[in-house]
Amino acid sequence: MMLTSDGLIPFQCVTGQNFSCDDVTVTRRKYSPNGSKNIFLPKFIAYIIAINLLLLTWCCCCVCSLSAQNDKENISLEEMDVNVKADGDEEKTATMTLKNEYNHQSLDSKEKPETEVFSFLATKEQDIPYVSLYEQPCHPSGYKQEEKINAKPERCGVAFLDNLVDSKDVVKLREMAIKLIDQLGETTTTNRESHNLQWLNLHTIFRKAKPNIFSERDYELLVNTSRTAKSIVSLSFGIPDDKLFFTTVCQFTQYQPVTKFSEFRHIDKVRSPELIVTSILWLSTVDEDFGGGRLEFLNGPGNGTHEPILIEPKKGRYAAWTSSFENPHGVHELLYGQRLALIFAFSAKPNFGHSSIEDLRTWAFTKKPSFYY
């Protein structure tokens, strides 16, 4: 065994892939051949020790190299941890910043969604205590049949106001709608609304509802609400009161996002030629009871021919519109929740409607349940 001049066991370094001999520090045991306490080591033992030292040094260098690499990759995370421990308030800020950066990266990697700007006739924050009329020219060929019986509207467009009935009655109507639709509600898969819509016609309630779920007080509330609605329609569009008749499409409705949304813009008179005015009393408020579901008319201001203008549903808000081509409309996609309403649809033809809800109730008891018009 050869020793160095200072009596140390020699160590030979071989430059490896992940380390340099300049960076290697080896602790070597001193050997004193003349010392009485030192034991002579055979050559093969010295070789074994040298090999073990080489292997140990190489393993240590590999571990140090991997550790340095991990430290480099995680340095930002460690710095964040330091900030978190230093101040509890900084923890919240750091977390939010990280999430925001992630969101920005996600948006940058995809096409950013376009922002749509809408005009509104009424938002939920507004209070509309009196009848407001968004007037539109009556379509020249839209009311020829009504003109023959002196029932053509003097004005066309959209009328709306809040508090058609007081807030207590709105709550009662809402509870009535939920209870009755749950018991007797109808739906179909043959039309565009599909399972997203449930409805319950008033004449069905009169025929089928038991006294424990529909009382005389409930009936009186419907009658009083219908009278006020009819007066508003007559006043707003200049249609004589005795020329307005409640059709069988007077109903409670409930929208829920059950199936995939299908946009359904339409004109009421195209679907039901006998209609002259359609109206709705909302029993739910947007962004509180449901998301989305705003009423959209395609006759708003702008350079286009079908610019949208919206009304936001609100408990107690009433909207009525003439049913012909001047008022194409639709409902925005419902995102969540439950959109409840009471619909009153009017005709100017006495053989297609009833002068009052009382007359509708009488008809419901005398006609066969399968007879509709």
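Before going into details, it helps to say that this report is about the structure given with it. (Residues numbered from 1 in each chain as written. Predicted model: local features only at pLDDT ≥ 70, side-chain atom pairs only at ≥ 80, totals over all residues. Heavy atoms only, no water.)

**Here's the deal with the environment of Lys179**
Structurally, Lys179 can be placed in helix α5 (residues 167-184). As a C-alpha pair, Lys179 and Ile213 span 34 residues in sequence and 7.2 Å in three-dimensional space. Excluding residues that lie within four positions of it along the chain, Lys179 makes contacts with Ile213 and Asp218. (Helix = DSSP H or I, 4+ residues; strand = E, 2+ residues; numbered from the N terminus. Contact = heavy atoms within 4.5 Å.)

**Some remarks on the packing of aromatic side chains**
Per the counting criterion, the structure on display carries five aromatic pairs. Aromatic side chains Phe246 and Phe344 sit 5.8 Å apart centroid to centroid with 70° between the ring planes, which places their arrangement in the edge-to-face category. Of this pair, Phe246 sits in strand β5 (residues 245-246) while Phe344 sits in strand β14 (residues 339-347), and the two are 98 residues apart along the sequence. Phe344 shares its class with Phe246; the two are buried. (Phe/Tyr/Trp six-rings, centres within 6.5 Å; stacked < 30°, edge-to-face > 60°. Buried < 20%, exposed > 50% of the residue type's maximum accessible area, 1.4 Å probe, protein only.)

**With respect to the nonpolar core**
Grouped together as the largest cluster of nonpolar side chains are 48 residues, with contacts concentrated most on Leu202, Phe252 and Tyr318. No other element matches helix α7 (residues 216-237), which puts eight residues into this core. Those residues within four positions of Leu202 in sequence are excluded, and the remaining contacts are Leu222, Cys250, Gln251, Phe252, Leu342, Phe344, Ile357 and Leu360. One finds Ile128, Leu295, Phe297 and Trp321 within the second-largest nonpolar core, a separate group that totals 16 residues. (Core = buried A, V, L, I, M, F, W, Y, C linked by side-chain atoms within 4.5 Å.)

**Details of the pattern of salt bridges**
Applying the stated criterion across every chain yields a total of 14 salt bridges. When the shortest N-O distance is used, the salt bridge between Asp289 and Arg174 registers 3.8 Å. You can see Asp289 sitting in the loop between β7 (275-282) and β8 (290-292) and its partner Arg174 sitting in helix α5, a full 115 residues away along the chain. What emerges from the salt-bridge pattern is a single network uniting Asp162, Lys314 and Arg317. (Salt bridge = Lys/Arg side-chain N within 4 Å of Asp/Glu carboxyl O.)

Shape descriptors only; they carry no functional weight alone.
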